[in-house]
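# Analysis of the macromolecular model
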Amino acid sequence: MRKLTLLAAAAALALGAGPALAKKQLVIVVKGLDNPFFEAIHQGCEKWNKENASSEYECFYTGPASTSDEAGEAQIVQDMLSKPDTAAMAISPSNAKLIAQTIKSANPSIPVMTVDADLAKEDSALRKTYLGTDNYLMGARIAEYIKKAKPNGGKICTIEGNPGADNILRRAQGMRDVLSGQKDLPALKGEGGWTEVSGCPVFTNDDGAKGVQAMTDILAANPDLDAFGIMGGWPLFGAPQPYRDLIKPMADKLAKNEFVIGAADTIGDEVAIAKEGLVTALVGQRPFEMGYKAPSVMIDLIAGKKVDDPVFTGLDECTKDTADTCIQK
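One structure accompanies this document, and this report is about it. (Residues numbered from 1 in each chain as written. Predicted model: local features only at pLDDT ≥ 70, side-chain atom pairs only at ≥ 80, totals over all residues. Heavy atoms only, no water.)

### Overview of the environment of Ile247
Put simply, the rule reads: Here a helix means four or more residues in a row that DSSP labels H or I, a strand means two or more in a row labelled E, and each is numbered from the N terminus. Any residue under 20% of the maximum accessible area for its type is buried, any over 50% is exposed, and the rest in between are partly exposed; the area is computed with a 1.4 Å probe on protein chains only. The criterion used for residue contact is that any of the two residues' heavy atoms lie within 4.5 Å.
The topology assignment puts Ile247 in helix α9 (residues 240-247). With a relative accessible area of 0%, Ile247 lands in the buried category. Taking C-alpha positions, Ile247 is 18 Å from Ala323, a pair spaced 76 residues apart along the chain. Beyond its immediate sequence surroundings of up to four residues, Ile247 is in contact with Met215, Leu254, Ile261 and Leu278.

### A closer look at the sheet that holds strand β12 (residues 311-313)
The strands making up a sheet are joined through hydrogen bonds of the backbone, oriented either antiparallel or parallel. The criterion, for reference: Strands pair, by our definition, only if DSSP identifies at least two bridges between them. Only C-alpha atoms enter the line fits that serve as axes; for helices the fit covers just the stretch in contact. Angles between N-to-C directions range over 0 to 180 degrees.
Strands sit in the order β2-β1-β3-β4-β5-β12 across an open sheet of 6 strands; the sheet is parallel. What marks the edges here is a single partner per strand, and that holds for β2 (57-62) and β12. Across the sheet, the mean angle separating the axes of adjacent strands is 20° when strand polarity is ignored. When strand β5 (residues 130-133) meets β12, the two strands line up parallel, connected through 3 bridges. Directly across from Leu131, in β12, lies its bridge partner Val311. Set on the sheet, helix α12 (residues 287-302) makes contact with β1 (24-29), β2, β3 (86-91), β4 (112-115), β5 and β12; between it and β1 the angle comes to about 130°.

### Structural notes on the pattern of salt bridges
Quick reminder of the rule: The term salt bridge refers to a pairing of a side-chain nitrogen on Lys or Arg with a carboxyl oxygen on Asp or Glu at a separation within 4 Å.
Within this structure, the stated rule accounts for 20 salt bridges. Residue Glu51 is joined to Lys47 by a salt bridge in which the shortest nitrogen-to-oxygen separation is 3.8 Å. Here Glu51 pairs with Lys47, and both are found in helix α2 (residues 36-51), just 4 residues apart, close to one helical turn. Here Arg170 and Asp166 are joined by a salt bridge, their closest N and O atoms 2.5 Å apart. Here Asp166 and Arg170 lie together in helix α6 (residues 166-180), a separation of 4 residues that amounts to about one turn. Counted as one network, the salt bridges with shared partners bring together Lys97, Lys104, Glu122 and Asp123.

### A closer look at helix α7 (residues 208-221)
Convention followed: Multiplying 1.5 Å by the residue count of a helix minus one yields the expected span of that helix. Directions drawn from the helix axis to the C-beta atoms are what define this arc. Under this definition, polar contacts are N or O atom pairs within 3.5 Å; protein pairs additionally need one hydrogen-donor-capable and one acceptor-capable atom, and for neighbouring residues in sequence, both atoms have to be side-chain atoms.
In this model α7 runs 20 Å from its N-terminal to its C-terminal C-alpha over 14 residues, within 8% of the 20 Å that 1.5 Å per residue would give. Those residues of α7 lying buried are Gly208, Gly211, Val212, Ala214, Met215, Ile218 and Leu219. Looking straight down α7, one finds that the buried residues subtend no more than 160° of arc, so they occupy a single side. Exposed residues pointing more than 90 degrees away from the buried face of α7 are listed as Ala209, Ala220 and Ala221. Next to the buried residues of α7 lie β6 (154-160), β8 (202-203), β9 (227-230), α8 (234-238) and α9. You can read the cap of α7 off the contacts: a side-chain oxygen lies 3.0 Å from the backbone nitrogen of Ala209, and it is on Asp207.

### With respect to the environment of Asp85
Examined against the element boundaries, Asp85 turns out to sit in the loop between α3 (70-81) and β3. Through-space distance from the C-alpha of Asp85 to that of Leu26 is 8.9 Å; in sequence the pair is 59 residues apart. Setting aside anything within four residues of it in sequence, one finds Asp85 in contact with Lys23, Lys24 and Gln25.

### Considerations on the nonpolar core
Our working rule: What is meant by a nonpolar core is a set of buried Ala, Val, Leu, Ile, Met, Phe, Trp, Tyr and Cys residues, joined one to another through side-chain atoms within 4.5 Å.
Core analysis: the largest hydrophobic core is formed by 49 residues, its most contacted members being Ile28, Ile146, Ile156, Leu179 and Met298. A per-element tally of this core places helix α5 (residues 135-149) first, with 6 residues. Not counting the four nearest positions on each side in its chain, Ile28 is found in contact with Ile41, Cys45, Cys59, Phe60, Tyr61, Thr62, Ala90, Val115, Gly291, Ala294 and Met298.

Structure (structure tokens):
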């Protein structure tokens, strides 16, 4: 009897403690859980949780299984915005227009921000701030490496991810602007000495293997190609060995700047690939920092504090010569 009484008391205590222990959710929704870039954001989120264990808030990381599932991400955003314990949300939109429409339809009363990728400029009023990379600058820096290696220009192919991802489009525009010396050209047709070959840009939907296959096909169709501008590191971190197999025969050309590859990101095998001389330069983001900072920014927004818009995280730039020291510690 005494044992039953103790069990009943313990159960009552647990039930009574449940609501008090429930934390308000600071939700981060990413494009897909299959991408190591977003896993770095997840690790930043978890570090914040460990350092703020006594907080009334908890960083909660989620997203669709695949980065190609735009509708899945929009559904998760809609579902999480309807939950009473969601206190704020940070979204990395795979399809900026679709996510903007989802936010409009939900008409949330909680603060919404973007992280890593932003909404289009005309929809920016739907979110409180953007936290992440200066994507235009990132593309511009990739272009500067390409231009330095090949100052007289040449034929180039741009590898992009999702055609609706605003962050990738901004990088590509930054690259084109620097290479051409002009603003807002939709494609390069000889400006600044640079021409984008037929079939480019290639959209890979953030799929590494698809990116390597696209590069293989473009090289076969254009043996006089001079450069790749890769706006995300998908072929390098998503399919590192196929990428190595494709590029190793070109290593001497890369060493002599006869061929140039400028690529985004510094995650997975990318820095090792740079050290091996299989990419001219990497311009990397800081996804861990994004995941770590996002909860604090959301809490400030909940409190009604003034938050800068945008909040930029920095860039890490890696070449073969700087591969051992290029990443911010």
